[in-house]
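In case you want the letters, here they are:
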Amino acid sequence: MDWGELLVRRWKKLRNTNDYRDVWVFTEIKDHVEVHECALQILGKAREIADKLGQNLVSVVLALDAEQYLPVIEEHGVDKIIYLSHQDLKHYHERIFTDLVYDLIKKYKPSIFLFPSTEAGNALAARLAYRCRTGLVSDVLDLELSDEFGNNLLIGDKPAYLGNIVAQIICPNTRPQMCTVTLGTFQKTKMRKENVEIIKVDYNFDKSKIKIKILEAPTRRDKPSSTLSDAKFVVGGGHGLVSKENFDKLFDLAKLTNGQVGGTRRPILNGWMPEHLQIGISGESIFSDLYLAFGISGAIQHLVGITASKTIIAINKDPNAGIFKVADYCVIGDANEILEGLLNYFRV
Amino acid sequence: MLKIFVLIKQVPSLHNLQIDKRTGTLIREGVENIINPDDLYGLELGLSLKEQYGGEITAITMGPPQAEFALRECLAMGVDKSLLITDDQFAYSDTLQTTLVLKETFDKIKDYDIIITGSQTSDSSTGQIPFQLSEALDIPLITDIFTMEIENNLFKCHRNFGHESQNISVDLPILIRVRRHFNEPRHISLSGIKKAFEKEIEFNDFNTFNCPEYLDGCNKSPTNVVRTEKIVLKRKNEIIEGNINEKVQKLLEIMQEHGIEKIWTGESF
């Protein structure tokens, strides 16, 4: 193939991208109870992007009794809502959701499609990106439109190497441009557009395509109602708390303040807390407003899990502890004394 | 006989990262390389399935030529065969391109029962491959498994899915994504190391696949990395001075600024 031919092909591809317009947000319904907070936050950022492009912001909803969620979505700046409502859409289903949303993409041709970075959102986005043969940038830290590499291209900032570097990624020649976004990345904005257009799409799916037979499916009782990753306030503990008795005080503090307890690897090895409360590389990442780190030295394995927390307070005896480098407020002193002091206030 | 395939990736160890300013990608020379930690759980699952049901297990990776060492490690763990997909044309492949190459690979293999992956890699951490390969091969992906059994061609398992705990059955072939800490990956034995160097590694390159032109990683990947920067964490690092009471008082103020207040629990501590 010579260069001329290559350029013509590229140009053809680019021209086709002009057929695609509008910014879509997969507006996930959490546990068929409410609109996922992360989806509302994405709508806030997507509104900005749609305004800059002079295009519509479209919310895509698949749920059981989907109508009940539409008023909340209308409060968050959408121009249009496309929804499907059916019993089969009560839970995310890999085959049903992928087929139905792919049909919508083929029909309406969105230019940008954003998803919450959740169990369902990540799975759906990856499957759709394959079907559309387009790119998907996962867990973006920020999004901006730029003319630097092409007309109004979306640039996604993606963390890589366990959050050690950030890569800026574009998807120049294929559409839609797709990204997933973690909770707490963007701010939701309350605003209401006049004449929100609402499109109901009929549910139509051939169930013989489903290969997995579900024999029984009781509701999970073990699934915690709130988890570390969506906690607004997290108290963390490390080896510096010295004893299980001291570590237990973290649970008291969390209970009194509606917070969540997490920790490093050491408390698990010491038998002070269960494994699912670990924060860091082999555990959870937190996105809290405030994180209080008691007696944590600050190994990189832990730090990568807390960097998304808005404010970090570290309490440690050792003034050279690594955790102080990433803390907003540093308290050099005995973590146990400070913990006891805080508890005395909250216990009253 | 079960044909089991485990997908692994060689990743750089995370100390002393260096980035090529021109291409925006990581400089791999001089960096210690390891098997992606999540993939070890997949290898262990594959090996234990083979021990229980019999069959043959193959480790597959795509990467630069030095990824051969990661495959030697898999062979030392007890894997029967290994395949390295490597070609300059595949360099800088994004997830879609990687999926398309893997699809070509499995279309050529034809005979597969179980393909196992880890949750995500520690370098690019997209976690997209299991889902995309499930689409590409049109076989079901099973995640978050606890117990499983295989009868003839039927795979039965217990898994968590959303907020349900499901008992499912599905015909092979399938893809399994193993979660972290699912099992205890085995250590490499001395005899394993000896065997690893007696076995041959199969190589596939661009020309192995009748060369569909869309497989050119660098030019055909839909996503391009345009810049990379090392993240420098900027925090206030404000030191709170004073005696213990003053420190506690200041912390309480900061907590209040963040909307954290005492709630009534009805319990006494």
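Residues numbered from 1 in each chain as written. Chains lettered and ligands numbered in written order. Predicted model: local features only at pLDDT ≥ 70, side-chain atom pairs only at ≥ 80, totals over all residues.

Asker: I'm lost on the overall build of chain A in this one. Help?
Answerer: Along the backbone of chain A there are nine helices and 18 strands. For chain A, the spread of C-alpha atoms along the principal axes amounts to about 65 × 50 × 45 Å. Within chain A, the proportion of its 348 residues that are buried is 49%. When contacts within chain A are restricted to residue pairs at least 6 apart in sequence, those whose partners lie at least 24 apart make up 62%. (Helix = DSSP H or I, 4+ residues; strand = E, 2+ residues; numbered from the N terminus. Buried ≥ 20, exposed ≤ 12 C-beta atoms within 10 Å, placed from the backbone. Contact = placed C-beta atoms within 7 Å.)

Asker: Honestly, the interface of chain B and chain A in this entry has me stumped. Any pointers?
Answerer: It is common to give the size of an interface as the accessible area lost on bringing the parts into contact. Tallying the contact residues gives 63 residues for chain B and 73 residues for chain A. Considering only residue class, the side of chain B that touches chain A consists of 25 nonpolar, 24 polar and 14 charged. The pairing of strand 18 (residues 329-332) of chain A with strand 14 (residues 238-239) of chain B spans two bridges and is parallel. If you follow tyrosine 329 of chain A over to strand 14 of chain B, its bridge partner there is glutamate 238 of chain B. (Nonpolar A, V, L, I, M, F, W, Y, C, P; charged D, E, K, R; others polar. Pairing = 2+ DSSP bridges.)

Asker: I would appreciate a short explanation of the pairing of strand 7 (residues 136-140) of chain A in the present structure.
Answerer: All names here are of chain A. For strand 7, the tally of buried residues reaches five of five residues, placing the bulk of the element in the interior. Where strand 7 and strand 11 (residues 177-181) come together, three bridges link them in parallel fashion. Paired with valine 137 across the bridge in strand 11 is cysteine 179.

Asker: Would you mind showing me how to read helix 4 (residues 94-108) of chain A here?
Answerer: Along an α-helix, residues three or four apart share an orientation, since each turn contains 3.6 residues. Residue and element names in this part refer to chain A. Here helix 4 is 15 residues long and its end C-alpha atoms lie 21 Å apart, about the 21 Å a rise of 1.5 Å per residue gives. Within helix 4, the full set of buried residues consists of Glu94, Ile96, Phe97, Thr98, Leu100, Val101, Leu104 and Ile105. Lysine 109 occupies a position one or two residues after helix 4 and carries a positive phi of about 55 degrees. (Expected span 1.5 Å × (residues − 1).)

Asker: Before we go on, may I ask you to explain the domain arrangement of chain A in this structure?
Answerer: All names here are of chain A. Here chain A is partitioned into domain 1 (14-209) and domain 2 (228-347). Using only C-alpha atoms to locate each centre, domain 1 and domain 2 end up separated by 34 Å. Taken together, the contact between domain 1 and domain 2 spans five residues of the former and seven residues of the latter. Of the residues contributing to the side of domain 1 that touches domain 2, the split by class is two nonpolar, three polar and no charged. (Domains from an automatic or database assignment.)

Asker: When you look at helix 1 (residues 37-53) of chain B in this model, what are you seeing that I'm missing?
Answerer: Residue and element names in this part refer to chain B. Look at helix 1: 25 Å from first C-alpha to last across 17 residues, which is about the 24 Å you get at 1.5 Å a residue. For helix 1, the complete set of buried residues consists of Asp38, Asp39, Leu40, Tyr41, Gly42, Leu43, Glu44, Leu45, Gly46, Leu47 and Leu49. Elements that come into contact with the buried residues of helix 1 comprise strand 1 (2-7), strand 3 (33-35), strand 4 (55-62), helix 2 (68-77) and strand 6 (114-117). Of the residues one or two after helix 1, glycine 54 is the one with positive phi, at around 80 degrees.

Asker: Help me out: how do you make sense of the environment of methionine 191 of chain A in this one?
Answerer: Looking at where methionine 191 of chain A falls in the secondary structure, it is placed in the loop between strand 11 and strand 12 (197-200). As a C-alpha pair, methionine 191 of chain A and proline 267 of chain A span 76 residues in sequence and 45 Å in three-dimensional space.

Asker: Before we go on, may I ask you to explain the packing of helix 3 (residues 95-109) of chain B against helix 4 (residues 129-137) of chain B in this structure?
Answerer: Two numbers describe a pair of packed helices, the interaxial angle and the distance between the axes. Residues and elements named next belong to chain B. Interaxial distance between helix 3 and helix 4 falls to 9 Å at its minimum, and their mutual angle equals 45 degrees. Comparing the axis directions of helix 3 and helix 4 gives the class oblique. In this structure, the crossing between helix 3 and helix 4 has a hand that is right-handed. Between helix 3 and helix 4, the residues in contact are Thr95, Leu96, Thr98, Thr99, Leu102, Lys103 and Phe106 and Ile129, Gln132, Leu133, Ala136 and Leu137, respectively. Among the residues making up the contact of helix 3 with helix 4, the classes are represented as seven nonpolar, four polar and one charged. (Axes fitted to C-alpha atoms, helices over the stretch in contact; angles between N-to-C directions. Parallel < 35°, antiparallel > 145°, perpendicular 65-115°, else oblique. Left-handed = near helix turned anticlockwise from the far one by under 90°.)

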